[in-house]
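Structural features, examined
So you can see what is in the structure, the chains are spelled out below.
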Amino acid sequence: MKPSHYQESRKALLNHIDRLRSMRDELVAKEPLFMNNLPPDVRQKMLLLDRESTRLRNPDLAVAFVGGFSAGKSSLVNAFLGRYLLPESTKVTTAVPTFVRSTTGSETAELHYLNEAEAELLGEMYRREIANLFNLPELVSTPYSNLMQQVQPLVREGRGRRLVEQFEIYQTQKQNRKIDPRGRIENVSLHEAHQKIRDETEAMFLDRVVLHINGSQIPEDIVLVDLPGVSVPNPRHREITFRFVSEEAHAVVFVLMATRLFDKDEGEILEVIRAGESHIAEKTFWVLNRWDSLSLQQQHQTVADFEAKMHETEIPNNYQWFRTNALHGLLAQLCACDELPNDPALQSHLKDYMDALEARYGGSHETAKKESQLPQLQEQVFQFINDRLRQTTLRSAVQNARDNFCEPLPSHLRQTKDNDDALINGDLRRKEKEQSQQRVDDRYEQRKADLDDQFKSLGNEISSQRSEVFRTHAKELIDQLQTKIADGPETDAYTIYNEIINSHGRLRKYPYHFEIELRIVDNLNTILKHSFRDIVRNQASEIFNELVKRVKNALVKISEDVGHDPEIMKPFNDVMYKGHNSFIERIDGIVMDKAAELDASLLYKPKDWLGLHGGNKILDGLEQAARLGFENIQDASRSIERTDMEHKTKKIRETLHNHYIDQVSADYNRIIKGFFPIIISNLHQIKDEIFKVLATKYRPALDIRLAHEIEEEFAGQRKDLEERSRRFRTLIEQIELISREMGAVLVGAG
Ligand SMILES: Nc1nc2c(ncn2[C@@H]2O[C@H](COP(=O)(O)OP(=O)(O)O)[C@@H](O)[C@H]2O)c(=O)[nH]1
Ligand SMILES: [Mg+2]
C-alpha cells in the first residue's frame, strides 16, 4: 500500500472512530441510566475505542532495531539509509534512543529532554537498581550521601561500578542543570546532536533524539529507531527498549551478533518476544549480523545453533531470518556513489572491505551489497510494512471498532428503544392507572396514620401527665381548705353567726341549732365545688386546645393535598368546632353531676331510722358542736360575745380537721379519676368524625388531584420515552452508517 493511501485512510478511519467516541461520550453524559444498565463487558469494550484512536492518531510506523551491545544496530540503520548517519559507538554508556525519519525539508535534529517527573523517576530507577544489585532494599530510601558511603566499599570489590558512577553523575547533574518541568525539545544540527549524544552527562537526561534527514529511500511515515542495548546502565533506556519490542514498534529488527549468539542481552529480548502475544513474533525480523566474521565451519554451527534455539523457544517456524554484513552493506553503497565520509572509524574498515571486494565480490559493489543480505532484509521489512502492516493496521482498527462498539452497542440501544416503544404503545396506560391508585392509597393511609398518631400521643399524654396536674391542683385545694379550717374566718362560728344574724336578723330554729355548723360546711363545700369545676374545665379546655394544635398540623398537609379547597376543608373545621362545643358541654354536665355527688357525700347522709347505718363522722361532730353554747344563744336579750362561741368554733374545727379533709381527698380523687376515660372517649368521638370526613370528602378529592398529577408525570415520561426512542434510532443508524463507511475506507485503501 502506498504511504499516501495509508495516511489518507488512516485519517479517515481516525475521523470515524473519533465520531464513535464522541457518540459514546455523549451517551455517558446524557444517558447515564442507559449506560449504567449496560453489561460491564460492553462498557469495558466501548472504552477500547480510545486505544484505537491513539494508535491511529500516530502517523508513524516504527521499525525498531534492537539487540545487544555492538551487535551492529547502528550500522544496520546506516545501511538501510545508505548513509553513514549514526556513528558506531564504542562506549556502552552513551546510547540514546535515536529516531530517524525522512524529510523533504532541511536536515535537523530534535533533542527531547526529560521533564521533571521523568528525571525524578530516573533517580528512583537508579536507586532501585543499586538496591537490587547489592541486595539492600533499604537503599531505595537512604539519603544520597549515606547511600554512597554504604556502596563505596562494595564497589571497590568490583561489582556495579558503572551503575554507581552513573548514579553519581545523575545526582550532580540533577542538582546543576535546570530541568524544565514540562520537558524541553531543542532543535540542533545533526552534528551538534551527535556531540550531545556522546556526552554521557547529556545523554542521561535525553528521552530521545529525532533526526530528520533527506534523500533516503525510506517513506516519510516510517521511522527507524536505533535503540540502546538492554545492558546499558541507564535503566530508563532499557525500559524503552523493552517497551518498543513488546508494544510500540510496528516491526522489530532483532540484531543478533553471529559471533556470540544469544548471549545474556539477546536472551532477555528473546524472552520478551517469546512471552508476548503472537503478533510480536510476527513483526520480528531475525538478523544474524557480522556473518563475515565467522569461518565456514562456524557458520554451519551457528545456523544449527540458531535454529535449535528458535525451536526450543517455540518461536513459530515461519520466522524470517537473515545473515547480514551491515558494514559491507553500508560501505558498498557509500563506495558505489563515491560518498565515503572522512570518518576515521569508517576509514579503518575500508581496507578490509576493499580486500573483500576483490577477493569475494568480484570487484562489484553491487555484488557486495547483495551478499550483505541488506537489500533482502530491507525489502522484507518494507514489504511487511507496506503490504501487510499498513493493511492490517487499518483492518484491525476497523475490526476492533466494530467488535467493541458498532456490534455490541446498537443491539442494546435497540433493546431499550423497543422497550420504550412498547411502553409508549400500551403498558404506560396500565402503569399510570396502577401508580395513580397506589399513590392515592399511600397518601390516604399516610394522612390517616398522621392524624391517628396525634390522637394517640395526646391520649397517652393525658393519662400520664394530666393526672399529675390534677393531683397537684387537688393538693393545693386541700392545703387551702386545711388553712381555712385551722383558723380561717370561714370556720369561725362567731363570724358565721354574725353573718346569719345580719342577713336574717335571727337564727332559724333547727333541731340542736345546727344552722351555724351547716352553714360552715356549706361554705366549704361551695369553695370545693367551684374550684373543682374550674380545675376540670381548665384541664378540659387545655386538652382540647392541644388537640386543635395537633390536628391542625395534620390538616395543613391535608389542605395542601387538596389544593386548599375550602369545600373540602370546611367539614374538618366543622367537626372540630362541634367537637369543641360538645366536649365542653359534656364536661360541664358531668362536672355538675359529680359536684352534686361530692356535696351529698360530704354531708347529707342521715342515719337510717334505727340509727344503725349511714350518717357520718362529720355530721356527728357538728351535731356535738351545735349542742355547745346552746343556752347563751337561746337568751335573745343577751348579746353574744366571741368568747361564747370559742368552744363551738374549736369543736367545729376539730371535727372538720379530723374527718372532712380525709373524705374530701378520697372523694375528690375518685371523681377526678373518672374524668380521664370520659375525656378520652370524647377524643375518640372527634377522631371518628374526622376520619369519616377523611373518607367521604378528602379521598375522592385526592383521587381527582393525584390522577391529574400522575397524568402530567406520565405525559412527561411519555415525551421523554418518545424522544429517547427517536434519539436511539438515529444513533443506531449513524453507527451502522459509520461502520459501512469504515468498510468503504478499507476497500478504497485496496
Ligand atoms: N565485521 C563486521 N563488523 C560489523 C558489522 N556490523 C557492524 N560492525 C562493527 O561492529 C561495531 C559495532 O557496530 P555498531 O553498529 O556501532 O553496533 P551497535 O552497538 O549495535 O549500534 C562497529 O565497529 C561496526 O563497524 C558486520 O556485519 N561485520
Ligand atoms: Mg549503536
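What you see is a predicted model, and the numbers here were worked out from it, not measured in a lab. (Residues numbered from 1 in each chain as written. Chains lettered and ligands numbered in written order. Predicted model: local features only at pLDDT ≥ 70, side-chain atom pairs only at ≥ 80, totals over all residues. Heavy atoms only, no water.)

1. Overview of the packing of aromatic side chains
If you walk through the whole model with that rule in mind, you get 19 aromatic pairs. On the numbers, 5.2 Å between centres and 85° between planes, the contact of F65 with F80 is edge-to-face. Of this pair, F65 sits in strand β1 (residues 61-67) while F80 sits in helix α4 (residues 73-81); the two residues are 15 residues apart in sequence, bridging distant segments of the chain. Take F65 and F80: they sit in the same class, and that class is buried. (Phe/Tyr/Trp six-rings, centres within 6.5 Å; stacked < 30°, edge-to-face > 60°. Helix = DSSP H or I, 4+ residues; strand = E, 2+ residues; numbered from the N terminus. Buried < 20%, exposed > 50% of the residue type's maximum accessible area, 1.4 Å probe, protein only.)

2. Some remarks on the sheet that holds strand β4 (residues 184-188)
Pairing is mixed across the open sheet formed by nine strands, whose spatial order is β4-β3-β5-β2-β6-β1-β7-β8-β9. At either end of the open sheet lies a strand with only one pairing partner, and these are β4 and β9 (320-323). Taking the axes of each pair of neighbouring strands and ignoring which way they run, one obtains an average angle of 20° across the sheet. Pairing analysis gives three bridges linking strand β2 (residues 98-102) to strand β6 (residues 222-226), with the strands arranged antiparallel. Residue V100 lies in a different strand from β6, and its bridge partner there is L224. (Pairing = 2+ DSSP bridges. Axes fitted to C-alpha atoms, helices over the stretch in contact; angles between N-to-C directions.)

3. A look at the side chain of S216
Within the secondary structure layout, S216 lies in the loop between β5 (206-213) and β6. A polar contact of 2.8 Å, which involves the side chain of S216, links it to the side chain of S102. Beyond its immediate sequence surroundings of up to four residues, S216 is in contact with L81 and S102. (Polar contact = N/O pair within 3.5 Å; in protein donor to acceptor, adjacent residues only side chain to side chain. Contact = heavy atoms within 4.5 Å.)

4. So, the pattern of salt bridges
Enumeration according to the criterion identifies 54 salt bridges in this entry. R19 is paired through a salt bridge with E741; the nearest N and O atoms lie 3.6 Å apart. Taken together, the residues R19 in helix α1 (residues 3-30) and E741 in helix α25 (residues 675-749) connect sequence positions 722 residues apart. Judged by its relative accessible area of 34%, R19 is partly exposed. With a shortest N-O distance of 2.9 Å, D207 and R236 are connected by a salt bridge. Residue D207 is found in strand β5, and its partner R236 is found in helix α10 (residues 235-248); the two are separated by 29 residues along the sequence. Of the residues examined, D207 reaches a relative accessible area of 15% and is grouped as buried. Of the residues examined, R236 reaches a relative accessible area of 12% and is grouped as buried. (Salt bridge = Lys/Arg side-chain N within 4 Å of Asp/Glu carboxyl O.)

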